[in-house]
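Here's the letter readout for the chains.
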Amino acid sequence: MSTPHVVVVMGVAGTGKTTIGPLLAARLGVPYAEGDDFHPPANIAKMTAGTPLSDEDRWPWLDAIGRWAHERDGLGGVVSSSALKRAYRDRLRAAAPGIVFVHLTGDRALIEDRMSHRQGHFMPTALLDSQFATLQPLEADEAGVRVDVTGGPEEITERAVAALRSLAQPSR
């Protein structure tokens, strides 16, 4: 299965965006871009210190992701981005109108447990509450699907592929 769309794998920290994104990209036969790589150094420093980013901090990051998505328009790609607020997703869509979101969702306890076991990531578990407080789930008019993060990475990826496939099916 391949797609001309750019897929944004979104969700709060710890849902597995960086794990599922490359697996999904491989299944779709398109390149993967790690959303964290688009952050300016000041954003990484803030998050490492346990300080949540403001909207003003996020705009340059979202614009950089949007430029990448725009360049991949018609070619396809997968990029990770928390994209927690509707305004963030709107900004991404303004740059690349055809993007589709895969919202990784799960129980807070499961996500916190996964975050506490990962190595070498700058996002501390202390910021998880602020992530959930900021999260505005996909709305009915947004192109995207919700995918539960229980189970292993291959199982989650399979659910994402199936959800994207069903999204592409015309309604009868």
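Remember, it's a predicted structure, so these values are computed and weren't measured experimentally.

Rules used in this analysis
Residues numbered from 1 in each chain as written. Predicted model: local features only at pLDDT ≥ 70, side-chain atom pairs only at ≥ 80, totals over all residues. Heavy atoms only, no water. Salt bridge = Lys/Arg side-chain N within 4 Å of Asp/Glu carboxyl O. Helix = DSSP H or I, 4+ residues; strand = E, 2+ residues; numbered from the N terminus. Buried < 20%, exposed > 50% of the residue type's maximum accessible area, 1.4 Å probe, protein only. Core = buried A, V, L, I, M, F, W, Y, C linked by side-chain atoms within 4.5 Å. Contact = heavy atoms within 4.5 Å. Polar contact = N/O pair within 3.5 Å; in protein donor to acceptor, adjacent residues only side chain to side chain. Expected span 1.5 Å × (residues − 1).

Novice: Can you help me understand the pattern of salt bridges in this one?
Specialist: When their charged atoms lie close together, side chains carrying opposite charge are able to pair. The final tally for this structure, using the stated rule, is 13 salt bridges. As a salt-bridge pair, aspartate 57 and lysine 46 come within 2.6 Å of each other at their nearest N and O atoms. Here aspartate 57, found in helix α3 (residues 55-71), pairs with lysine 46, found in helix α2 (residues 41-48); they are 11 residues apart in sequence, far enough to count as distant. When its relative accessible area of 28% is taken as the criterion, lysine 46 is described as partly exposed. A salt bridge links aspartate 141 to arginine 86, with the nearest nitrogen and oxygen atoms 2.9 Å apart. One end of the pair, aspartate 141, is in the loop between α6 (128-134) and β5 (144-148); the other, arginine 86, is in helix α4 (residues 86-95), with 55 residues separating them in the sequence. Residue class for aspartate 141 comes out exposed when judged on its relative accessible area of 58%.

Novice: What am I meant to see in the nonpolar core here?
Specialist: Note on soluble globular proteins: their nonpolar side chains tend to be buried together. The biggest cluster of nonpolar side chains holds 22 residues, and the ones touching the most others in it are Val79, Leu92, Ile99 and Phe101. Sorting the residues of this core by element identifies β1 (6-10), α3 and α4 as the ones contributing at least two each. The leading source of residues in this core is α3, at 5 residues. What phenylalanine 101 contacts, discounting residues up to four positions off in sequence, is Val8, Met10, Ala83, Arg89, Leu92, Arg93, Leu138, Ala143, Gly144 and Val145. Core analysis: the next-biggest nonpolar cluster, separate from the first, contains 19 residues, Val100, Ile156, Ala160 and Leu164 among them.

Novice: Explain the side chain of arginine 86 here, please?
Specialist: On the basis of relative accessibility, which here comes to 18%, the residue arginine 86 falls in the buried class. A polar contact is formed between the side chain of arginine 86 and the side chain of aspartate 141, at a distance of 2.9 Å. Contacts of arginine 86, omitting those with residues within four sequence positions, involve Arg93, Gln136, Glu139, Asp141 and Glu142.

Novice: Mind showing me how you'd approach α3 here?
Specialist: In an α-helix there are 3.6 residues to a turn, and that puts residues three or four apart on one side. Taking 1.5 Å per residue, 17 residues should reach 24 Å; α3 reaches 24 Å between its end C-alpha atoms and fits that length. Those residues of α3 that fall on the buried side of the exposure criterion are Asp57, Arg58, Trp61, Leu62, Ala64, Ile65, Gly66, Trp68 and Ala69. Considering only its buried residues, α3 is in contact with β1, β2 (32-33), α2, β3 (77-80), α4 and α6.

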